[in-house]
Amino acid sequence: MEIERQRGISISTSVLQFEYAGCRLNLLDTPGHNDFSEDTYRTLAAADSAVMLIDSVKGVEPQTIKLFQVCRMRGVPIATFINKLDRHGRPPLELIDEIEKVLGIPCSPVNWPVGSGTEFLGVYDRERREVLRFERAEGGERQAALWTCGLDDPSLPATLGRRAHQDLLDEIALLETAGAPFDREKFLAGQLSPVFFGSAMTNFGVEPFLDRFVDLAPSPRSRPSSQGTIEPDGDRFSGFVFKIQANMDPNHRDRVAFVRVSSGRFSRGMEVNHVRVARPFTMNRTMQFLAQERITVDEAYAGDILGVWDGGSLRIGDTLAERASFEFEGVPRFSPEHFVQVTLKDPLKRKQLKKGLQQLSEEGAVQLFFDRHRLERDPILGAVGVLQFEVIEHRLESEYKVSAHFRALPYKYARWVEGEPFSPEKIERSRAVTCVLDGEGRFTVLFENDWNLRTAIEDHPHLRFLSAVQPARSGPASG
């Protein structure tokens, strides 16, 4: 998106597929900024494993902690890559210690850095017991040349300095006696993380990481559904929608739903059951991505990610299944933490505003709420991070030619309400509480502070105040 180029940040998850060492990898590259974390939460539902990037200068960051917790909740195995060794960062032992203490997961270094900053020469492969040395490839413009040598190679102390070389030998000896040994079963269970070092910017350590990762990472896993476990090698195709992106091609105003294939074989043109609406859905226009390039896909298998052109019928969390009616576990929507009211600057553009907000909310970037009395006039948007509002405002102008004013509202919590009897008027006795409708017509209560939320829960014990729900479903995700 244009705003991504302007800001130099990722706003939504990008999807691409590539071949490496005889394996097919589907890469889901998620935004790093905290304000776009909900996109990452949804994407993890489609992932079989994760790569956790740690900045060697900053160490474990707040966003890393949140996403790690989501991975642990989902049982996703995590490989760690400590990046930016081309800069003078923190000592590697200190970084390992911080990961273990802050995230609570044992680490098993697969390799170890040889030097740092301008003296970063490569990595020591602990299993092969050899140093992998690199030739710098600035900006990742080409594959870094690699050659091997032993720890006793005289060129190492000559380049590193005798003190740094001795420190390296001491650290490696310490790892052998006190480091956590690698255990593949613990890794697959999310109970241990293999650690790699390198510099992605200069292609130091990337190739050794990929060589090991294709062996470490699990194949497509079985998935729980409403009718039991679905195995990836099953005969029938099935998959679920985890991401929707509108206007990917500004020239055609298209809408693409990203489907994670969970079982069977996909073939272009096949008819499947769109389970939520119990209607057939023909998958004619399917594609995969590499940067700006779109490739028509004729077949795909479990683990693959398909971009499916959609006129507006698919929703995040929807299940597509061949001659079956089960549903996979949904992708929950979490409670927003920031809210704005949208006022249209040009009343003649109301139709465009409605269409824009509807499509953008279906992507999951923001959640759409309506005043019970004013309905579609001056809708309310909720988001996990305030930068989402800036993105929506920019996209309304650039993609839908609509200018709107966003007025910040004081609410901090949103809770969906289940149970009877429910009276919005009784809930709204405090000025700090208001009851609205979400985009699917469900009652949602907005609270200004934690005290108002706790009071409502205590005063209405017969009601459930839910912090997350499944889109387009009646059942809750969590309370």
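Residues numbered from 1 in each chain as written. Predicted model: local features only at pLDDT ≥ 70, side-chain atom pairs only at ≥ 80, totals over all residues. Heavy atoms only, no water.

## Let's talk about the overall build of the protein
For the protein, the count of helices and strands is 12 helices and 33 strands. A globule of 479 residues ought to have a C-alpha radius of gyration of about 23 Å, and the protein, at 25 Å, matches this closely. With respect to the principal axes defined by its C-alpha atoms, the protein has extents near 80 × 50 × 45 Å. For the protein, the proportion of its 479 residues judged to be buried stands at 51%. Here the analysis covers contacts within the protein between residues at least 6 apart in sequence; of these, 68% occur between residues at least 24 apart. In the structure as shown, the protein presents an accessible area of about 22,800 Å², 49% of it carried by carbon and sulfur atoms. (Helix = DSSP H or I, 4+ residues; strand = E, 2+ residues; numbered from the N terminus. Rg over C-alpha atoms; globule rule 2.2 N^0.38 Å. Buried < 20%, exposed > 50% of the residue type's maximum accessible area, 1.4 Å probe, protein only. Contact = heavy atoms within 4.5 Å. Areas by Shrake-Rupley, 256 points an atom, 1.4 Å probe, with all protein chains shown as cover.)

## What to know about the nonpolar core
Counting 39 residues, the largest nonpolar core has Ile82, Ile99, Val114 and Phe197 as its most contacted members. Every residue in contact with Val114, bar those within four places of it in the chain, is listed here: Glu119, Phe120, Leu121, Gly122, Val123, Tyr124, Val131, Leu156, Leu160 and Leu168. (Core = buried A, V, L, I, M, F, W, Y, C linked by side-chain atoms within 4.5 Å.)

## A look at the sheet that holds strand 3 (residues 50–55)
In space, the 4 strands of this open sheet follow the order 3-4-10-5, with parallel pairing throughout. Only two strands of the sheet have a single neighbouring strand rather than two, namely strand 3 and strand 5 (107–109). Going across the sheet, the axis of each strand differs from the next one's by a mean of 30°, ignoring polarity. Bridging between strand 4 (residues 78–83) and strand 10 (residues 193–197) involves 3 bridges; their strand directions are parallel. Bridge pairing in strand 10 links Phe81 to Phe196. (Pairing = 2+ DSSP bridges. Axes fitted to C-alpha atoms, helices over the stretch in contact; angles between N-to-C directions.)

## A look at the pattern of salt bridges
What the rule picks out here adds up to 30 salt bridges. Across the pair Arg24 and Glu19 runs a salt bridge whose closest N-O atoms are separated by 3.3 Å. The exposure class of Arg24 is partly exposed, given its relative accessible area of 43%. In this structure, a network of salt bridges that share partners links the residues Asp48, Arg221, Arg223 and Arg260. (Salt bridge = Lys/Arg side-chain N within 4 Å of Asp/Glu carboxyl O.)

## Thoughts on the sheet that holds strand 26 (residues 375–383)
Taken in spatial order, the 8 strands line up as 27-24-26-25-29-30-28-31 in an open sheet, and their pairing is antiparallel. The open sheet terminates on both sides in strands that have one partner only, identified here as strand 27 (404–409) and strand 31 (464–466). Adjacent strand axes in the sheet meet at a mean angle of 40° when their direction is disregarded. The sheet contact formed by strand 25 (residues 367–371) and strand 26 spans 4 bridges and is antiparallel. Within strand 26, the position partnered with Phe369 by the bridge is Ile380.

## Some remarks on the packing of helix 9 (residues 350–362) against helix 10 (residues 387–400)
At a closest axis distance of 10 Å, the pairing of helix 9 and helix 10 adopts a crossing angle of 125°. As summarised for this structure, helix 9 and helix 10 are arranged oblique, according to the angle between their axes. Crossing angle aside, the handedness with which helix 9 passes helix 10 is right-handed. Across the interface between the two elements, Gln352, Leu353, Lys355, Gly356, Leu357, Gln359 and Leu360 from helix 9 touch Ile392, Arg395, Leu396 and Tyr400 from helix 10. (Parallel < 35°, antiparallel > 145°, perpendicular 65-115°, else oblique. Left-handed = near helix turned anticlockwise from the far one by under 90°.)

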